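Structural overview
One letter stands for each residue in the lines below.
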Amino acid sequence: MARLALHWQIALGMAAGAVIGVALNVFAGTATTSVVADLPAGLTTATVTATVGRTVIETIDAGGRAERVEVGPAAGAAGLRFDSLKTLARERPELAGLVTKARQPAAMVWGEWFQRLGGLFLRMLKMVAVPLIVTSLASGVMGLGGATGLGRMFSRTLTYYVTTSLLAILTGMAFVNLMRPGLGGEPRPAPAPAAAAHTGLADVLFQQLESLVPDNPLAALVAPDFLSIITFTLAFSVFALRVGGEVATAIRGAADAGFAVMMAMTHAIIRLAPLGVFFLVAATTATQGAGVFASLSAYMLTVALALAVHAAITLPLVVRVLARRSPWQFARAMSPALLTAFSSASSNAALPLTLDCAESRAGIRNRVGSFVLPLGATVNMDGTALYEAVAVLFIAQLHFGHDLPLAQQVVVCVTALLASVGAAGIPHAGLVMMAIILQAVGLPAESQGVILAVDRVLDMGRTAVNVWSDACGAAVIDAWENADAAAG
Ligand code: ASP
């Protein structure tokens, strides 16, 4: 029997994970426990109902008085409410004791296990990421034969990154201004404060600049700090070429050999992607309550539509016109990486697959892929840029009851671009960066609380778009480099 193509296997893994996760969430998302043993003094009955993301404790004391206490971010509930188990443990330790005796819903228990199993796949990808980037980049640069080609490729790459990220932001802004998900409807309850970073934009960008100059390249490898790794490897390879002779030949040989081994390892790990993706998607769907989606559906729809337009119209046009490739075939070649980006919500985690798919399946030359893709995983984030713009304008609509004036929207556009450059390629990085944009337009950082609950799902979508844009960039630069070589 013919073996199913890898991207179909991954898609099947994803679908199966979603079905099982949602089923668990719907049918096993609640566990009710009547606590009988060791009741706190004065209580006659205590029932704990644990739902995904929310716990309700109902007690009756010896005098017949009933009390209902809710723990979780759900808003508007009757009775006393605490935002987390930690707060409950501080203020009502006797009730927190009841919660520890209660059963967890099966969806949570299974969800945690799925997360750990999917985590094994992510660990494998992390394991190969650093040596793969180093050997791939060194082998690519040593193959270039000089630093001039590198400078040209660098400026082309940056131009591509900025242009597509701006296009993404403008798409997001058009959608949020047209659909106005934050206007009309019920006023939202006061949001819970977010764990946001309180650093300024200049600070964040300067940190990126600092990463470009690692003070300790070995520490950068250990961290790992991708930008530092990229600059040091680039410098090392360029200087190896300058030293020339036997040294350059030896280093090139070592880089090529290391790269061949790392590619073989990556290939082997990628075979596990269907299983890894299955567990990651099942974990997310099992542990995300369906209720949170309903309340923010207009906002989620706006983000999803804008992401879809950028990914399915703008970027394919770029690939068709500038890279002269069939966008459809290119997307199929890249699909294992895109699906892994989606399920892991991390550009960094997907990077080994992105490199492998670009080179082995899409035929992009190593010297282009090994440069454009790792750099893109850290600085080129179209999906994140778009998402930041939509989220901040949505929050502004909720907060002020009207759209932000044009001048403020321009501020959002520029800061969203810079924040996307500053965001790391890890889950929820965009959320942390958003504090900077909120600050720039005078919104309190706490106002971010409303969108926290649905961030994970949107993170999956925007990460896939981030990686898709990196891949399209590699295709475009590859075509330009090819044209130069032909004209050459
Ligand atoms: N998770 C995204 C990525 O890795 C970054 C973000 O949170 O927007 O690309």
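See the structure shown above.
Remember, it's a predicted structure, so these values are computed and weren't measured experimentally.

Moving on to the nonpolar core. Ranked by size, the top nonpolar core spans 135 residues in total, and within it Met-334, Ala-389, Val-390, Val-392, Leu-393, Trp-468 and Ala-475 carry the most contacts. Not counting residues up to four positions away in its chain, the partners in contact with Trp-468 are Ala-311, Leu-315, Met-334 and Leu-338. Counting 13 residues, the second largest nonpolar core, distinct from the first, contains Val-35, Leu-88, Leu-95 and Val-99.

Take the site of the ligand next. The environment of the ligand is made up of 16 residues, and the closest members are Ser-347, Thr-384, Gly-425, Ala-429 and Gly-430. Of all the secondary structure elements, the ones that give two or more residues to the shell around the ligand are helix H18 (429-440) and helix H20 (455-487). Among the elements that take part in the shell around the ligand, H20 stands out by supplying 4 residues, more than any other. For the shell around the ligand, a count of residues per class yields 6 nonpolar, 8 polar and 2 charged.

With that out of the way, let us pick up the pairing of strand S4 (residues 66-71). Sheet topology places strand S3 (residues 54-61) next to S4; 6 bridges connect them, and they run antiparallel. Bridge pairing links Thr-55 to Val-71 in S4. In textbook terms, the turn of a hairpin is the stretch between consecutive antiparallel strands, and for S3 and S4 this stretch comprises 4 residues, one of which, Gly-64, has a positive phi near 85°. Bridge count for S4 against strand S5 (residues 80-82) is 3 bridges, and the pairing is parallel. Across the sheet, Val-69 pairs through a bridge with Leu-80, a residue of S5.

Across the sheet, which stays open at both edges, the 5 strands sit in the order S1-S2-S3-S4-S5 with mixed pairing between neighbours. Both edges of this open sheet fall to strand S1 (30-35) and S5, since each of them pairs with a single strand only. Averaged over neighbouring strand pairs, the angle between their axes works out to 15° when direction is ignored.

About the thresholds
Residues numbered from 1 in each chain as written. Predicted model: local features only at pLDDT ≥ 70, side-chain atom pairs only at ≥ 80, totals over all residues. Core = buried A, V, L, I, M, F, W, Y, C linked by C-beta atoms within 7 Å. Buried ≥ 20, exposed ≤ 12 C-beta atoms within 10 Å, placed from the backbone. Contact = placed C-beta atoms within 7 Å. Near = placed C-beta within 6 Å. Helix = DSSP H or I, 4+ residues; strand = E, 2+ residues; numbered from the N terminus. Nonpolar A, V, L, I, M, F, W, Y, C, P; charged D, E, K, R; others polar. Pairing = 2+ DSSP bridges. Axes fitted to C-alpha atoms, helices over the stretch in contact; angles between N-to-C directions.

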